[in-house]
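# Descriptive structure summary
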Amino acid sequence: MKHTRVKDLLNSNNTLHEVNAKGWVRTFRNNQFIALNDGSTINNIQCVVDFENTAEETLKRITTGAAISVTGNLVESKGAGQKYEIQVKKLEILGDSDAEKFPMQPKKHSLEFLRENAHLRVRTNAFGAIMRIRSVLSFAVHSYFQQKGFVYVNTPIITGADAEGAGEMFQITSLPLNNLPKNEEGNIDYKKDFFGKHTNLTVSGQLEGETFAMALGQIYTFGPTFRAENSNTSRHLAEFWMIEPEVAFNNLDDNMDLAEDFIQYVIKFAMDKCGDDLKFLEGRLLDEEKSKPQAERSEMALLEKLNFVLENNFKRVSYTEAIDILRDCTPNKKKKFQYIINEWGADLQSEHERYLVEKHFKCPVILFDYPANIKAFYMRLNEDGKTVRAMDILFPGIGEIVGGSQREERFDVLVEKMKALGIDEEELWWYLDTRRFGSAVHSGFGLGFERLVLFVTGMSNIRDVIPFPRTPQNADF
Ligand code: 4AD
Ligand code: MG
């Protein structure tokens with residue numbers, strides 16, 4: 001008999017004769033009530049066992065974590081809390097789960113413990129909800145861009161380029177590390193390597209994406225990116241997913257409009273599709289915050305916060321204005337910041353970004369026109385000769401969620417910049433071709449997918465919104 005998903009059973013319009021459900025036991029109480037979950041929804045279906053007519057042996061095997069199959073009628077539930085339940089006629093144990101050993105006991109576990117058991121944590125309510133929301137958000141990304149006629153591009157994962165020029169790359173090689181071939185100068189001879197050159201895992205698909213935008217007009221990428229930055233924070237992963245749209249003929253203002261519209265769309269999409277999961281996570285967050293001092297608690301509950309982002313325009317502020325605000329703010333004057341802001345040109349740390357968003361503006365902020373020397377080589381130089389057409393979007397509780405810019409479309413200016421930064425023109429000959437042949441104004445941005453999931457789920461550590469996180473000293477599973 002084909003089984004019916006728990007979600008469909010719970011959403012049924014009427015009682016049903018003879019249904020079959022399969023899933024994993026969450027709890028079994030009074031030798032009678034099974035809470036069964038199959039991952040289709042956060043809600044369990046109650047299965048009522050006729051314990052007097054069920055073998056003692058079988059009852060003993062209905063333990064937390066066991067996979068079972070139940071067949072019976074879907075009837076109106078007498079108990080509170082659910083509309084329907086299954087009156088079990090036939091119960092089959094598909095896979096036992098030793099109650100003593102199964103790590104996901106029906107009690108509260110710490111997030112650290114759950115990370116160590118990332119292969120099983122998805123069987124908990126919170127992680128089931130997070131991963132369903134993540135899936136819906138990634139569908140929303142495609143839905144948004146496809147509906148607008150963007151072309152989805154798969155940029156290479158292995159590349160010779162350092163798109164961000166930050167040198168934070170994982171090298172790729174098939175050379176024997178204990179016996180590296182050397183050239184005449186005594187350096188490693190990458191000509192003997194698999195690709196005949198030095199390669200690494202991509203830090204961004206932007207440069208390749210730009211070449212496609214200069215042919216297809218509007219494109220987006222959505223794929224894994226890798227950064228070997230030794231940042232052991234709750235916002236950084238060594239392997240994360242990035243969405244990078246790139247649009248020909250868009251200037252920075254168009255780019256900001258696109259980013260804002262896109263973010264609001266995907267959040268709304270998740271709110272429409274994931275009501276139960278978000279409600280659960282809102283409760284979880286309230287619970288978690290009870291243990292925090294008042295000052296550290298969020299001012300808004302999760303759904304209120306998401307609605308706030310949908311209903312309010314992001315505040316657009318120039319870097320120069322932001323520096324003025326930061327220089328004069330109380331935490332700066334009282335030396336409460338770890339990095340004190342003294343002058344124009346300072347790079348902003350996440351403490352500064354979060355001050356602007358959470359304390360000063362109290363809404364998402366788009367900072368633009370940053371000093372050229374703290375941003376990547378490909379950003380368009382402004383007429384003032386010292387700032388570039390960059391934008392970062394800052395979110396409450398997250399800090400930077402988007403980084404983007406209008407690109408330097410002028411061949412000479414770009415080459416000049418690359419020379420000054422020691423970026424190899426020969427390695428990027430193909431990138432420079434976009435400026436040689438039919439160059440035009442164009443812009444794009446990168447959204448860190450996990451930072452978006454972090455915001456939507458109200459979680460506080462990025463390791464908890466990706467199935468199997470990769471961070472310094474950790475690549476388990
Ligand atoms: O600001 P970033 O480095 O910009 C780029 O890579 C550009 N090429 C994007 C573009 O213009 N097409 O990274 C973009 C976003 C950040 O705003 C952040 O959300 C996320 O990627 N990000 C990370 N997320 C998780 N872990 C990390 N280590 C991240 N580094 C960046
Ligand atoms: Mg950035």
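Sequence positions are assigned chain by chain, starting from 1 and proceeding in written order. Written order determines the labels here, with chains lettered from A and ligands numbered from 1. Side-chain atom pairs in this predicted model are given and counted only at pLDDT of 80 or more, local residue features only at pLDDT of at least 70, and totals for whole chains, interfaces and linings cover all residues. For the side-chain quantities, the full set of heavy atoms in the structure was used; hydrogens and water were omitted.

Note on terminology: a nonpolar core comprises buried Ala, Val, Leu, Ile, Met, Phe, Trp, Tyr and Cys residues joined through side-chain atoms within 4.5 Å. A simple rule labels every residue: compare its accessible area, found with a 1.4 Å probe on the protein chains alone, to the largest value its type can have, and call it buried under 20%, exposed over 50%, or partly exposed in between. Phe262, Ile267 and Phe395 are the most contacted members of the largest nonpolar core, which has 64 residues in total. A total of 12 residues in this core trace back to one element, the largest contributor, which is helix H4 (residues 125–147). Working rule for contacts: check all heavy atoms of both residues, and any pair within 4.5 Å makes them a contact. Non-local contacts of isoleucine 267, meaning those with residues more than four positions away in its chain, are made with Leu306, Val309, Leu310, Phe395, Leu452, Phe455 and Val456. Membership of the second largest hydrophobic core comes to 37 residues, among which are Ala161, Val357, Tyr378 and Leu432. A run of DSSP states H or I qualifies as a helix once it reaches four residues; a run of E qualifies as a strand once it reaches two. Both are numbered from the N-terminal end.

On to the site of ligand 1, then. Nearness is defined per residue: one heavy atom within 4 Å of the molecule or strand is enough. Surrounding ligand 1, one finds 24 residues, the nearest of these being Glu164, Gln206, Glu229, Glu244 and Glu400. Think of a polar contact as two N or O atoms within 3.5 Å of one another; within protein, one of them needs to be a possible hydrogen donor and the other a possible acceptor, and neighboring residues in sequence only count if both atoms come from side chains. In this structure, isoleucine 401 approaches ligand 1 through a main-chain N or O atom, which is 2.8 Å from an oxygen atom. One nitrogen or oxygen atom from the main chain of glycine 448 is found 3.2 Å from an oxygen atom belonging to ligand 1. Under the convention used here, a 1.4 Å probe and the Shrake-Rupley method define accessible areas, while residue burial counts only the protein chains that appear. For ligand 1, the protein covers 93% of the area, taking 630 Å² as the surface of the free molecule.

Quick look at the environment of asparagine 200 now. Residue placement: asparagine 200 occurs in strand S9 (residues 199–201). The exposure class assigned to asparagine 200 is buried, which follows from its relative accessible area of 2%. Expressed as a C-alpha distance, the spacing of asparagine 200 and isoleucine 157, which sit 43 residues apart in the sequence, is 8.4 Å. Not counting residues up to four positions away in its chain, the partners in contact with asparagine 200 are Ile157, Ile158, Thr159, Gly160, Ala161, Met169, Phe170, Gln171 and Ile172. Of note is the side chain of asparagine 200, whose polar atom sits 3.3 Å from the backbone oxygen of alanine 161.

Here, the term disulfide refers to a pair of cysteine sulfur atoms separated by no more than 2.5 Å. A complete count under the given rule lists 0 disulfides for this structure. You can see cysteine 329 has no disulfide; the closest cysteine sulfur is in cysteine 363, sitting 17 Å from it. Owing to a relative accessible area of 4%, cysteine 329 belongs among the buried residues under this scheme. Cysteine 363 sits in the buried class, given a relative accessible area of 12%.

Turning to the sheet that holds S9, a few remarks are in order. The sheet built from 3 strands is open, its strands ordered S7-S9-S8 with antiparallel pairing. Looking at the sheet topology across the chains shown, the edges are occupied by strand S7 (158–159) and strand S8 (171–172). As paired strands, S8 and S9 are joined by 2 bridges and run antiparallel to one another. Residue pairing across strands places isoleucine 172 opposite threonine 199, the latter belonging to S9. Strands are labelled as partners when DSSP assigns at least two bridges between them.

Here we come to the side chain of aspartate 193. Looking at where aspartate 193 falls in the secondary structure, it is placed in the loop between S8 and S9. Only four residue types enter the tally: Lys and Arg on the positive side, Asp and Glu on the negative side; His and the chain ends are excluded. Take a side-chain nitrogen of Lys or Arg and a carboxyl oxygen of Asp or Glu: if they are within 4 Å of each other, that pair is a salt bridge. One buried charge, aspartate 193, has no salt-bridge partner; the nearest side chain with opposite charge is lysine 197, at 11 Å. In this view, aspartate 193 contacts Ile172, Thr173, Ser174 and Leu175; residues no more than four positions away in its chain are not counted.

Moving on, we come to a nonpolar patch on the surface. Candidate patch residues must exceed 30% relative accessible area and have no salt bridge, after which like charges are joined if within 9 Å and Val, Leu, Ile, Met, Phe, Trp or Tyr side chains if within 5 Å. Together, Ile157, Ile158, Phe194 and Phe195 line one region of the surface with nonpolar side chains, adding up to about 400 Å² of accessible area. Structurally, the position occupied by phenylalanine 195 is in the loop between S8 and S9. Using a relative accessible area of 42% as the deciding quantity, one classes phenylalanine 195 as partly exposed.

What follows concerns the pairing of strand S1 (residues 16–29). On any regular strand, side chains alternate: one points to one face of the sheet, the next to the other face. Pairing of S1 with strand S4 (residues 67–76) involves 7 bridges; the strand directions are antiparallel. Bridged to glycine 23 within S4 is isoleucine 68. With 5 bridges connecting them, S1 and strand S2 (residues 33–37) associate as antiparallel partners. Paired with valine 25 across the bridge in S2 is leucine 36.

In this scheme, a helix's expected span is set at 1.5 Å multiplied by one less than its residue total. Here helix H11 (residues 350–361) spans 15 Å end to end across 12 residues, near enough to the 16 Å set by a 1.5 Å rise per residue. Of all the residues in H11, the buried ones are His352, Glu353, Tyr355, Leu356, Val357 and Phe361. Where H11 is buried, its residues touch strand S12 (315–318), helix H9 (319–328), helix H10 (330–333), strand S13 (365–371), strand S14 (387–395) and strand S15 (399–406). Looking one or two residues beyond H11, the residue adopting positive phi is lysine 362, at roughly 55°.

As a further point, take the sheet that holds strand S6 (residues 151–152). Spatially, the 8 strands line up as an open sheet ordered S6-S10-S11-S16-S15-S14-S13-S12, and their pairing is mixed. The two strands at the open ends of the sheet, each matched to only one other strand, are S6 and S12. Taken together, the 2 bridges between S6 and strand S10 (residues 218–226) define a ladder with parallel strand orientation. Within S10, the position partnered with valine 151 by the bridge is isoleucine 219. The strands touched by helix H14 (residues 449–457) within the sheet are S10, strand S11 (239–248), S14, S15 and strand S16 (442–448), with S16 carrying the most contacts at an inclination of about 55°. Structural elements are reduced to axes, namely lines fitted to C-alpha atoms, with helices fitted over the stretch in contact, and the angle between N-to-C directions of any two is expressed from 0 to 180 degrees.

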